[in-house]
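Structural characterization, general
Listed below, chain by chain, are the residues.
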Amino acid sequence: MSRAVFPGSFDPVTNGHVDLIRRAAEIFDELVLGVLVNSGKEPLLTTEERIGLLEQVTGDIPNVQVASFDGLLIDFVDRMEADVIVRGLRTPADYEYELPLAQANYRLNRKADTVFLATAPEYSYISSSGVKELLRYQGDISQMVPACVAGYMKEKLNT
Ligand code: PNS
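The notes below deal with the structure included here.

Calculation notes
- Residues numbered from 1 in each chain as written.
- Predicted model: local features only at pLDDT ≥ 70, side-chain atom pairs only at ≥ 80, totals over all residues.
- Heavy atoms only, no water.
- Core = buried A, V, L, I, M, F, W, Y, C linked by side-chain atoms within 4.5 Å.
- Buried < 20%, exposed > 50% of the residue type's maximum accessible area, 1.4 Å probe, protein only.
- Helix = DSSP H or I, 4+ residues; strand = E, 2+ residues; numbered from the N terminus.
- Phe/Tyr/Trp six-rings, centres within 6.5 Å; stacked < 30°, edge-to-face > 60°.
- Pairing = 2+ DSSP bridges.
- Axes fitted to C-alpha atoms, helices over the stretch in contact; angles between N-to-C directions.
- Contact = heavy atoms within 4.5 Å.
- Right-handed = clockwise from strand over helix to strand, strands pointing away.
- Expected span 1.5 Å × (residues − 1).
- Near = heavy atom within 4 Å.
- Polar contact = N/O pair within 3.5 Å; in protein donor to acceptor, adjacent residues only side chain to side chain.
- Areas by Shrake-Rupley, 256 points an atom, 1.4 Å probe, with all protein chains shown as cover.
- Nonpolar A, V, L, I, M, F, W, Y, C, P; charged D, E, K, R; others polar.

If you look at the biggest cluster of nonpolar residues, it comprises 33 residues, and the most contacted ones within it are F6, V13, I21, L31, L33, L54 and V86. Residue assignment for this core shows that the elements contributing at least two residues are β1 (3-8), α1 (15-27), β2 (30-36), α2 (47-58), β3 (64-69), β4 (84-89), α5 (128-136) and α6 (147-157). Of all the elements, α1 adds the most residues to this core, at five residues. One finds V32, F69, V77 and I85 within the second-largest nonpolar core, a separate group that totals eleven residues.

Okay, here's the thing in structure tokens:
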């Protein structure tokens, strides 16, 4: 049985994430979404909010579960008894950023391989930080995130 971890900040979860999650859930028997608690950058949403939104948007996928982690990703992968880390690649810049991380993680835990999925082209421009930037200036995020996420963010930020 294969169990994969899809880690991220998910601040907030975007349509690009959801597409990758659905595709990864087809490939692996079990998929654990790992929400990083403390990334060094101050998240807009609390850990509980990020988990709650992820649970809402993936509630119909039976082999997906959501958990949070703090500290090193490979330690979380170990605790989850997973053997694969899934990350999405939107652009060549993502690849340049992700490759050394994958290599470092592999050096730290040779049981866990990183698998990259190419982001669907229609989502490759979407990022959580872009969504937050748009929100700051009352921009329209409805094409970028699931409807329940857009509604939640609008309510939270009172826009
Ligand atoms: O959604 P993000 O912010 O791009 O996700 C980044 C994430 C969570 C994958 C990355 O920051 C991470 O793995 N953080 C945990 C600390 C860690 O293990 N760092 C790698 C050391 S080689």
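Once you've had a look at it, read on.
Attention shifts here to the packing of aromatic side chains. For the structure shown, the criterion picks out two aromatic pairs. Plain terms: the ring middles of F6 and F10 are 5.7 Å apart, the flat faces sit at 50° to each other, and that makes the pair tilted. Relative accessible area serves as the criterion here: at 3%, F6 is assigned to the buried category.

We now examine the sheet that holds β2. Strands sit in the order β3-β2-β1-β4-β5 across an open sheet of five strands; the sheet is parallel. Edge positions in the sheet fall to β3 and β5 (113-118), since each has one partner strand and no second. The mean angle between the axes of side-by-side strands here comes to 30°, regardless of whether they run parallel or antiparallel. Lying on the sheet, α1 is in contact with β1, β2, β3, β4 and β5; it crosses β5 at an angle near 125°.

What follows deals with the pairing of β2. Counting buried positions along β2 yields six of seven residues, so the element is predominantly enclosed. Alignment of β1 against β2, held across six bridges, turns out to be parallel. Looking at β2, one finds that A4 is bridged to L31. What joins β1 to β2 is α1, and the crossover it makes is right-handed. In this region the chain leaves β2, passes through α2 and returns to the parallel neighbour β3; the handedness of that crossover is right-handed.

As a further point, take α2. Between its first and last C-alpha atoms α2 spans 16 Å; for twelve residues at 1.5 Å apiece the expected length is 16 Å, and the two agree. Residues of α2 that are buried: T47, E49, R50, I51, L53, L54, V57 and T58. Here the buried face of α2 lies against α1, β2, β3 and α6.

Inspection of the region around the ligand gives P7, G8, S9, L36, K41, F69, G71, L72, L73, R87, A104 and N105 as its neighbouring residues. Here an oxygen atom of the ligand and a side-chain polar atom of S9 are 2.6 Å apart. Here R87 contributes a side-chain N or O atom positioned 3.0 Å from an oxygen atom of the ligand. Here the ligand, which alone exposes 560 Å², has 75% of that area covered by the protein. A per-class count over the shell around the ligand returns six nonpolar, four polar and two charged.

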